[in-house]
Amino acid sequence: MAAGKTSLEAKSPYELRVNLGRDMPESDVRSALASGDMGFLHSFTTGSTVDGPGVSVVAWTTGCMYRCLYCHNPDTWTMSNGIPVTVAKATEQLRKYRQGLKVMSGGFTLSGGEALMQDRFAVKLFAAARRMGIHTALDTNGYLGDRLSDEELETIDLVLLDIKTWDPERHKKLTGMDPEPTLAFARRLAARNRSIWLRFVLVPGLTDDVDDISQIANFCAGLGNVRRVDVLPFHQMGRYKWEKLKLNYQLGQVQAPPPEIVDRTIGIFRAAGLTAY
Ligand code: SF4
């Protein structure tokens, strides 16, 4: 698939996209990432009601350092799967939605992949959105939060933070990485009074341990800046991507969590004093 033939817009992030930036020389990729003048995007999608307040326009970045067993979009793991896009072009795309977003009290969300793999691009896009008066949200696993300066954090109205699980060993098995940088980022956001919406993916057998969820709930309640918790039930919509990419998908037999387990999980967050859905 050639980048020139693929639209930046997609119906949803579940469209499989691969190799769209593979022709860009390695040295150009490095300088693009360092300057932030260019980034790599899976796509833009519109109309989301789950990725920020109101209705969001979401730009999905490519590149992720996690390897979550339940990842719905493993094509976004590899930066060169994305379309190389200048910050000017991405800004122009966003400008098209500006009026609509105002009418619908919506905003712009940068998601991924892991958006902070392209932190300079992210910073430039957020600054551009701000100049247009658009609400800004960053959907992140928080692992690279220290790449953003305090001033840069001020350009982000809302952080949608994913805490995958609490126990460090379990976290490492689930994602391949240590949870502490995410927790440190959450504490820093709290210290600077930046709003967080927690996103918690509920996967039977992997993230449904009651004690583990309680630890996350208590941690978040103690922060004081977690305005909302979204419990996201696991589903199999990304499964075909694992198969197409010939990746070893281990969750083929895992079902979506039953409603009573979803309710129980929401209840744990609410019992800690949080607003949870
Ligand atoms: S952090 Fe997100 S994009 Fe990265 S592997 Fe996990 S679910 Fe996938």
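Located above this text is the structure these notes cover.
As the structure is a prediction and not an experimental result, all values here were calculated from the model.

Before going further, it helps to examine unusual backbone geometry. The residue after G112, namely G113, is reached through a cis peptide bond having omega 20 degrees. Its location among the elements puts G113 in the loop between strand 4 (107-111) and helix 3 (119-131). The phi torsion at N19 lies on the positive side, around 60 degrees, for a residue other than glycine. Relative to the helices and strands, N19 is located in the segment before helix 1 (26-35).

Glancing now at the packing of aromatic side chains. One pass over the full model with this rule turns up 6 aromatic pairs. Measuring from centroid to centroid gives 6.0 Å for Y66 and Y143, while their planes differ by 75 degrees, and the two rings are edge-to-face. Here Y66, found in the loop between strand 2 (56-61) and strand 3 (83-86), pairs with Y143, found in the loop between strand 5 (135-140) and helix 4 (150-153); they are 77 residues apart in sequence, far enough to count as distant. Residue classification places Y66 among the buried residues on the basis of a relative accessible area of 2%. Look at Y143 and you get partly exposed, because its relative accessible area is 23%. One aromatic cluster is present, built from ring pairs that chain together W77, W242 and Y249. Taking NZ or CZ as reference, R228 lies 4.5 Å from the ring centre of W197, over its face.

Quick look at the environment of G21 now. Along the chain, the position of G21 falls in the segment before helix 1. Here the alpha-carbon distance between G21 and P168, two residues 147 residues apart in the chain, equals 34 Å. Dropping the residues within four chain positions of it, G21 is found in contact with S80, N81, G82 and P84.

Interaxial distance between helix 2 (residues 87-103) and helix 3 falls to 10 Å at its minimum, and their mutual angle equals 35 degrees. Remark: the crossing between helix 2 and helix 3 carries right-handed chirality. Side by side, helix 2 and helix 3 meet where V87, A90, T91 and L94 of the first sit next to F121, K124, L125, A128 and A129 of the second. Within the contact of helix 2 with helix 3, the residues separate by chemical class into 7 nonpolar, 1 polar and 1 charged.

This part is about the packing of helix 7 (residues 210-223) against helix 9 (residues 259-271). Taken N-terminus to C-terminus, the directions of helix 7 and helix 9 make an angle of 35 degrees; their axes are 9 Å apart at the nearest point. Considering the relative orientation of helix 7 and helix 9, their crossing is right-handed. Here helix 7 contributes V210, I213, S214, I216 and A217 to the contact with helix 9, which in turn contributes R264, T265, I268 and F269. Across the contact of helix 7 with helix 9, the residue classes break down as 6 nonpolar, 2 polar and 1 charged.

About the criteria used
- All chains use their own residue numbering, which begins from 1 and follows the written sequence.
- The predicted nature of this model means local features are confined to residues of pLDDT at least 70 and side-chain atom pairs, given and counted, to a pLDDT of 80 or more, with totals for whole chains, interfaces and linings taken over all residues.
- For the side-chain quantities, the full set of heavy atoms in the structure was used; hydrogens and water were omitted.
- Segments assigned H or I by DSSP are reported as helices when at least four residues long, segments assigned E as strands when at least two residues long, and all are numbered from the N terminus.
- Any two rings among Phe, Tyr and Trp, with Trp reduced to its six-membered ring, count as a pair given centres within 6.5 Å; such a pair is stacked if its planes are under 30 degrees apart, edge-to-face if over 60, and tilted if neither.
- Residue burial is assigned from relative accessible area. The probe radius is 1.4 Å, only protein chains are included, and a residue is buried under 20% of its type maximum, exposed over 50%, and partly exposed in between.
- Throughout this description, the term charge over a ring refers to an Arg CZ or Lys NZ atom that lies within 6 Å of the ring centre and within 35 degrees of the ring normal.
- Whether two residues are in contact is decided by their heavy atoms, any of which lying within 4.5 Å being enough.
- Axes here mean lines fitted to C-alpha atoms, for a helix over just the part in contact, with angles spanning 0 to 180 degrees between N-to-C directions.
- In this scheme, a crossing is called left-handed if the near helix is turned counterclockwise away from the far one by less than a right angle; it is called right-handed if the turn is clockwise.
- Three residue categories are used. Nonpolar comprises Ala, Val, Leu, Ile, Met, Phe, Trp, Tyr, Cys and Pro, charged comprises Asp, Glu, Lys and Arg, and polar comprises the others, including Gly.

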